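The lines below spell out each chain.
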Amino acid sequence: MKEIGINSMFKKIIFESSEMVFLADDTFPYNIFYTNSVFEQQVGQFLEDKSLVGLGLDINSYIFKEELIIDFHGRAYSFHLELPQDNGSNYFLFYKGKEVKGKHLPDYKDSEVFFKNSIDLIGIGQENFLTWVSDSIYELLGYSPEELINVDLCQFFHPDDLGMVKEILIGAKKEKEKNRFSARFCAKSGNFFWIDWQIHFMEGKFYAIGRDITESQNKKIERERQNELLRHGVEIYGLGVWEWDPKEHAFYGNDLLYSILEIEEAKVSGIEQYIGFFLPSFQPVMQKSLDDMFTEAKEFDLELKIKTEKGNEKWVRVTGKPRFKDNQVSTALGTFCDISERKSHLDEIGLFKELYNLSPDGILVMDIAGEIIFANREILRKSGLADPKTKKSDIRDLAIGFLDGEVWEDYLLDLKESNSRIFQSELGHVDGSKCTVEVNCNLIQIQAVSYIISFFRDISERVSLEKTLRQSSDFLLHLADQVPGALYQFVLDNEGKMNFSYLSPGIMTLLDLTEEEFSKIGDISMVISKIHPEDISQVLSTSVISARKICPWSCQFRVKKSGIGDFKWVMGGARPELLPNGDVVWYGYLTDISEQKDFEADLKKARESADEANRVKSEFLSMISHDLRTPLNAISGSVYSLAQEEHSFAQGEIINTISFAADNLIIMINDLLDFQKIEAGKLSLENKSINLSEVARQVIKGLEFHAKESFNKLNLYLDPDLDLMVMGDKVRIAQVLNNLITNALKFTKNGQVEVFMKLKSDLSDRINVYFEVKDNGVGIAKEYQDRIFEDFDQIQYSFNKKYGGTGLGLSITKKLLDRMGSKINLESVPGFGSSFFFDLELEKAKVLPQQPKEISIESTNKPKILVAEDNDVNALVLGKIIKKWGFEFDRVSNGEAAVAMVRNGKYDCVLMDIQMPIMDGIEATALIKNISSVPVIALTAASKAEILEKIQKSQFDSFVSKPIDAEELLKKIKDLVLDLNYIS
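Residues numbered from 1 in each chain as written. Predicted model: local features only at pLDDT ≥ 70, side-chain atom pairs only at ≥ 80, totals over all residues. Heavy atoms only, no water.

Q: How should I be thinking about the overall build of the protein chain in this particular structure?
A: In terms of regular secondary structure, the protein chain is built from 31 helices and 37 strands. Put simply, the protein chain has 984 residues, and 41% of those count as buried. The contacts of the protein chain with a sequence gap of at least 6 include a subset with a gap of at least 24, amounting to 52%. Carbon and sulfur atoms make up 52% of the accessible area of the protein chain, which amounts to about 57,300 Å² in all. (Helix = DSSP H or I, 4+ residues; strand = E, 2+ residues; numbered from the N terminus. Buried < 20%, exposed > 50% of the residue type's maximum accessible area, 1.4 Å probe, protein only. Contact = heavy atoms within 4.5 Å. Areas by Shrake-Rupley, 256 points an atom, 1.4 Å probe, with all protein chains shown as cover.)

Q: Which parts of the structure should I look at to understand the environment of Phe72?
A: Here Phe72 lies in strand 3 (residues 67-72). For the pair Phe72 and Leu47, spaced 25 residues apart in sequence, the C-alpha to C-alpha distance is 9.4 Å. In this view, Phe72 contacts Val43, Phe46, Leu47, Leu55 and Tyr77; residues no more than four positions away in its chain are not counted.

Q: How do you make sense of the packing of aromatic side chains when you look at a structure like this?
A: Within a pair of aromatic rings, the relevant descriptors are the distance that separates the centres and the angle that separates the planes. Following the criterion strictly, the structure yields 30 aromatic pairs and no others. Ring geometry for Phe22 versus Phe79: centroids 5.4 Å apart, planes at 85 degrees, classification edge-to-face. One end of the pair, Phe22, is in strand 1 (residues 20-25); the other, Phe79, is in strand 4 (residues 75-82), with 57 residues separating them in the sequence. We classify Phe22 as buried; its relative accessible area is 0%. Summarising the aromatic geometry, the rings of Phe278 and Phe336 are spaced 6.3 Å apart at their centres and angled 75 degrees between planes, so their arrangement reads as edge-to-face. You can see Phe278 sitting in the loop between helix 10 (271-276) and helix 11 (283-296) and its partner Phe336 sitting in strand 15 (residues 328-338), a full 58 residues away along the chain. We classify Phe278 as buried; its relative accessible area is 2%. Above the ring of Trp569, the side-chain terminus of Lys597 is found at 4.5 Å from the ring centroid. The ring of Phe959 carries Lys972 above its face, with NZ or CZ at 5.9 Å from the centroid. (Phe/Tyr/Trp six-rings, centres within 6.5 Å; stacked < 30°, edge-to-face > 60°. Lys NZ or Arg CZ within 6 Å of the ring centre and 35° of its normal.)

Q: Help me understand helix 19 (residues 533-549), please; the structure alone is not making it clear to me.
A: Owing to its 3.6 residues per turn, the α-helix aligns residues three or four sequence positions apart on the same side. Taking 1.5 Å per residue, 17 residues should reach 24 Å; helix 19 reaches 26 Å between its end C-alpha atoms and fits that length. Among the residues of helix 19, those classed as buried are Asp535, Val539, Ser546 and Ala547. Summarising the axial view, the buried residues of helix 19 lie within an arc of 110 degrees, below the 170-degree limit, and thus occupy one face. For helix 19, exposure combined with an orientation more than 90 degrees from the buried face picks out Pro533, Glu534, Ser537, Arg548 and Lys549. Where helix 19 ends, the next residue or the one after it, Ile550, has phi of about 50 degrees, a positive value. (Expected span 1.5 Å × (residues − 1). Arc of directions from axis to C-beta.)

Q: Please clarify how the pairing of strand 19 (residues 434-446) should be interpreted in this entry.
A: The side chains of a regular strand alternate, first on one face of the sheet and then on the other. Note: strand 18 (residues 420-428) against strand 19, 9 bridges, orientation antiparallel. When the bridges of strand 19 are listed, Glu426 appears paired with Thr436. Hairpin connection from strand 18 to strand 19: 5 residues lie between these consecutive antiparallel strands, with Gly432 at a positive phi of about 100 degrees. Note that strand 19 and strand 20 (residues 449-458) share 10 bridges and pair antiparallel. Its bridge partner being in strand 20, Leu443 is matched across the sheet by Ile452. (Pairing = 2+ DSSP bridges.)

Q: Can you walk me through the pairing of strand 34 (residues 888-892) in this structure?
A: Bridge analysis of strand 33 (residues 864-868) against strand 34 gives 5 bridges, and the strand direction is parallel. Within strand 34, the position partnered with Ala868 by the bridge is Val892. Once the chain exits strand 33 it traverses helix 27 (residues 872-884) before rejoining the sheet at strand 34, and the crossover so formed is right-handed. (Right-handed = clockwise from strand over helix to strand, strands pointing away.)

Q: Is there a simple way to think about a nonpolar patch on the surface in this case?
A: A cluster of nonpolar side chains, Leu351, Phe352 and Leu355, forms an exposed patch at the surface whose accessible area comes to about 320 Å². If you trace the backbone, Leu351 turns up in helix 12 (residues 340-358). (Patch = residues over 30% accessible without salt bridge, like charges linked within 9 Å, V, L, I, M, F, W, Y side chains within 5 Å. Salt bridge = Lys/Arg side-chain N within 4 Å of Asp/Glu carboxyl O.)

Q: Explain the sheet that holds strand 17 (residues 372-375) here, please?
A: Each strand in a sheet pairs with another by means of backbone hydrogen bonds, the pair being arranged parallel or else antiparallel. If you trace the 5 strands from one edge of the open sheet to the other, you get 17-16-20-19-18, paired in antiparallel fashion. Edge positions in the sheet fall to strand 17 and strand 18, since each of these pairs with one other strand and no more. Between one strand and the next, the sheet's axes are offset by a mean angle of 25 degrees, whatever the strand orientation. (Axes fitted to C-alpha atoms, helices over the stretch in contact; angles between N-to-C directions.)

Q: Help me understand the sheet that holds strand 4, please; the structure alone is not making it clear to me.
A: An order of 2-1-5-4-3 is seen for the 5 strands of this open sheet, with the pairing classed as antiparallel. Looking at strand neighbours, the two that pair on one side only are strand 2 (32-35) and strand 3, the edges of this open sheet. Strand-to-strand twist in this sheet, taken as the mean axis angle between neighbours without regard to direction, amounts to 30 degrees. Where strand 1 meets strand 2, 3 bridges bridge the pair, whose relative direction is antiparallel.

Q: Is there a simple way to think about the packing of helix 22 (residues 692-702) against helix 24 (residues 730-746) in this case?
A: Each pair of packed helices can be described by the angle between their axes along with the distance between the axes. Between helix 22 and helix 24, the least distance of the axes is 10 Å, while the angle of their chain directions is 40 degrees. What the angle tells us is that helix 22 and helix 24 run oblique. The interaxial crossing formed by helix 22 with helix 24 has right-handed handedness. In this structure, helix 22 contributes Leu692, Val695, Gln698, Val699 and Ile700 to the contact, and helix 24 contributes Lys730, Ile733, Ala734, Leu737, Asn738 and Ile741. Residue composition of the contact of helix 22 with helix 24, grouped by class: 8 nonpolar, 2 polar and 1 charged. (Parallel < 35°, antiparallel > 145°, perpendicular 65-115°, else oblique. Left-handed = near helix turned anticlockwise from the far one by under 90°. Nonpolar A, V, L, I, M, F, W, Y, C, P; charged D, E, K, R; others polar.)

Q: Explain the side chain of Asn254 to me, please; I cannot follow it from the model alone.
A: The topology assignment puts Asn254 in the loop between strand 12 (250-253) and helix 9 (255-260). Asn254 sits in the buried class, given a relative accessible area of 14%. At a separation of 3.0 Å, a polar atom in the side chain of Asn254 contacts the main-chain amide nitrogen of Leu257. (Polar contact = N/O pair within 3.5 Å; in protein donor to acceptor, adjacent residues only side chain to side chain.)

Q: Hey, could you run me through the pattern of salt bridges in this one?
A: Think of it this way: side chains of opposite charge can pair up when their charged atoms draw near. In this structure the tally under the stated criterion is 32 salt bridges. Of the charged contacts in the structure, one is a salt bridge between Lys50 and Glu40, with a shortest N-O distance of 2.8 Å. With Lys50 in the loop between helix 2 (37-42) and strand 3 and Glu40 in helix 2, the pair connects residues that are 10 residues apart, well separated along the chain. With a shortest N-O distance of 3.3 Å, Glu296 and Lys298 are connected by a salt bridge. The partly exposed category is assigned to Glu296, whose relative accessible area is 48%. Lys298 gets classed as partly exposed once you look at its relative accessible area, which sits at 43%. Within the structure, one salt-bridge network assembled from shared partners comprises Glu378, Arg381, Lys382 and Asp458.

Q: I'm lost on the nonpolar core in this one. Help?
A: Proteins that are soluble and globular tend to have nonpolar side chains buried together. Counting residues in hydrophobic clusters, the biggest one holds 41 residues, and the most contacted among them are Leu692, Ile741, Ile767 and Phe836. With 8 residues, helix 24 is the single largest residue contributor to this core. Not counting the four nearest positions on each side in its chain, Ile741 is found in contact with Val699, Ile700, Leu703, Leu714, Val755 and Val773. Ranked by size, the runner-up nonpolar core spans 27 residues in total, among them Leu261, Leu279, Ile306 and Phe336. (Core = buried A, V, L, I, M, F, W, Y, C linked by side-chain atoms within 4.5 Å.)

Q: Please clarify how the environment of Val867 should be interpreted in this entry.
A: One can find Val867 in strand 33. Along the backbone, Val867 and Ser893 are 26 residues apart, and their C-alpha atoms lie at a distance of 8.4 Å. Excluding residues within four positions of it along the chain, Val867 makes contact with Leu878, Ile882, Phe889, Asp890, Arg891, Val892 and Leu911.

Q: Would you explain a negative patch on the surface in this entry?
A: On the surface, a cluster of negative charge is made up of Asp592, Glu595, Asp598 and Asp602. Among the elements that take part in the negative patch, helix 20 (residues 594-644) stands out by supplying 3 residues, more than any other. Along the chain, the position of Asp598 falls in helix 20. (Lys, Arg positive; Asp, Glu negative; His and termini not counted. Charge placed at Lys NZ, Arg CZ, Asp CG, Glu CD.)

Q: Whenever I open this one, the packing of helix 28 (residues 895-904) against helix 29 (residues 921-931) confuses me. Can you help?
A: Packing of helix 28 against helix 29 brings their axes to within 9 Å, and their N-to-C directions diverge by 10 degrees. Relative to helix 29, helix 28 is oriented roughly parallel. Seen from above, helix 28 lies across helix 29 with right-handed handedness. Taking contact as the criterion, the partners of Gly895, Ala898, Val899, Val902 and Arg903 in helix 28 are, on helix 29, Ala924, Leu927, Ile928 and Ile931. Its residues placed into classes, the contact of helix 28 with helix 29 shows 7 nonpolar, 1 polar and 1 charged.

Q: Even after reading the chapter, I still don't get helix 24, so can you show me in this structure?
A: The end-to-end C-alpha separation of helix 24 is 24 Å, in line with the 24 Å expected for 17 residues at 1.5 Å each. Buried residues dominate helix 24, accounting for 13 of its 17 residues. N-cap assignment for helix 24: the residue whose side-chain oxygen lies 3.1 Å from the backbone N of Arg732 is Asp729.

Q: Mind showing me how you'd approach unusual backbone geometry here?
A: Note: most residues except glycine have negative phi, and most peptide bonds are trans. Residues Phe28 and Pro29 are joined by a peptide bond in cis, for which omega reads 5 degrees. Structurally, the position occupied by Pro29 is in the loop between strand 1 and strand 2. We note that Lys96 has phi near 55 degrees; this positive angle belongs to a residue other than glycine. Here Lys96 is to be found in strand 5 (residues 91-100). Lys96 sits in the partly exposed class, given a relative accessible area of 42%. Look at Ile550: it is not a glycine, yet its phi comes out positive at around 50 degrees.

Spelled out as structure tokens, the structure:
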């Protein structure tokens, strides 16, 4: 009995107890090391294996129970169980053991139902006969119970199992113990079934329970067979086997593994030591493969290099496969094989194979039957056949000359005699095409086996070139005869003599020569006689220059037409070559270009007509815009004056309507002017310091009334980071925004127009700004979205009629953005609205801090203005506006009078019309600037680009276009007067 801290008094009490008590180890097979007398009398003396396993008890099934039933020799015993962790020991304690006296057995009826429905075979018998068997025998083996009762059972067991069965039964009968075994039993069908038997002998009878385990037993046998084969395979192929359990930090390898690693003592302490055998460059690969196996359940198959315990380097093939427990990778299992010799052979074979594959010629290796063993890349490419490794091929699939079997046999005989042959053949492609090849065949023997190695060189190009060369001479001669004009070879020898060594027949048509004249052409004199007298010197002089500089000759000249006294235009070109003997040879051509010259003359006339049309159009636009602006100036000024006076609400509505109509007309005129400028290439962009936020707010403020008139909401969403100074053209940026917003308001009723400005990027010296004008108006169909940016296009006439306008607004916007390096984009859905958006990249302005200048009429002395205007109506309107501002003014009607007034009086500002009698505004301004520093503002209704350019280049301090915007004019007067300290 094993001593585990049990004192003698305690043992005496237990041993004499009337209840059964025993103790068992807590490790498999759970040996029973202590029992009391009652347990020994009823159970212990009959136990052959004194362990829980021998008792037929699976302790793991009871680790959560305090009471259990043990079946032994047909009797049931009840025990209380105390686990090792419960008593702080290393053994299981079974106590309060007593026999269960059948109180749990079912009655007869329940027993009958149980036996009838049992899937196991249940039988009672004596000696070798059954006296009763359950009905399940039929389902299991096909017999009825009557067929097996009182029949010798030995005849049903498999002959290979019968001896074992008899031996077990005899022993069980003598010892009166329960026995369990598996044996094959013959079914009525003749097939043998594996049956797991449990048999108990008692009082001359045996009680048997059998369960069909055929499927599991067959699997077990197959598994054992495969394991045996695997063991033999490992030994035969020299496979090392390894297993790694990271949880237990255990690494296992078989003897072959250690033999490959050249370790005398078959032991590797851990995975780190195992990985350490791989060369440093391969260790990360092996480590990652193991890591991936446990994290991602990836298998691996690697060829790596190791350094053995003895310092020898070897190539090994390492495989690894994960093993799972509870759906997680628990251990890794793999193989380890020395492939150094194979690797060396493969490297050699691979080297030769790669050399063959890199060959520009096709290479084939075949046996003497013609079956292809190896084909390099070039031959596969030219034939289209599959690689022989994947699909067998025959030489007859390639070399068309060998389709006849007799030809192949004759070829083999010749090859055996000479061992080598070179011949020309055709190589066929699977698509039916062919190519000509030169074949070099050699007969070789390797280990008494004959092979044919053949080299195929594609000579299709060479054959084709030879054929082409044979035809080229005739072709060139035919080409020279048929080419329009004439080809020639002209020679200037070292003595200065010139003659044609070759002239194609086309010269007869070009110079109107007869065949007789053509045959007599030798020197240059006949050709010279055909050239127009005015062009002879040009032809000769250019030829001399070409000869001296050895440079190409090109010349256009006239030649006489036969009989009618007219001339045709000819163009000649040639390239000279200086020969070693000093001669100069020209190879050239002559061709008739009369039609081209006629076309050029017509084109010149057309260009002159187009220039004249553009000039007339420009003059017309200038005139019509000036004539329109003059009355518009009166209307706009009068409306402004009326708006400043007291008026009723109804009158205010009328004034606003007139102002809106005048503004629209001004916009259309301005569009025409801008279009003219852009078309003429005269539009220039300013690059001045501006505040983008102020520009946007000014545009929105100027269109608020327009939005109100169209019952729309106009909202500006301005990025606060855009309140900064940048370099740009304020007028053109405002014009782009104005055009897009006006367009959106025009095509939106009772809706909303939203303007977005966002800072996309902010670099040290520049910014990128995103602009978007979005409305929920009528929208634009996909097919019309490109057309709206074209000149004078409004999609349909109905749009023009309904919404008005010139159709130039978006066209000008696109062209302005193109000039600014941007691109207008459009997204629109009919019925849901449109979105126009673009980006602008602008340079940051270097702003010096300064005190803001407050400008107000009240804080100034009354400036005195000189108005130079020849139109009485415009002068009257402008005078009313100036009086409204509280300024004093004088008026003159020409430039000369304006110069005199400035010379004789003191003025704070001059408003100068450009087009006036006696002296225009430009000349008058130049004279005024010579005698005074008074600011001069140009007033012009002109649209002509040249006039506007003159204004911008002159000495004007500023200019305002007619019709005059009173607010703009007032601001410019204040700015100029304030800058020159005219206002205190």
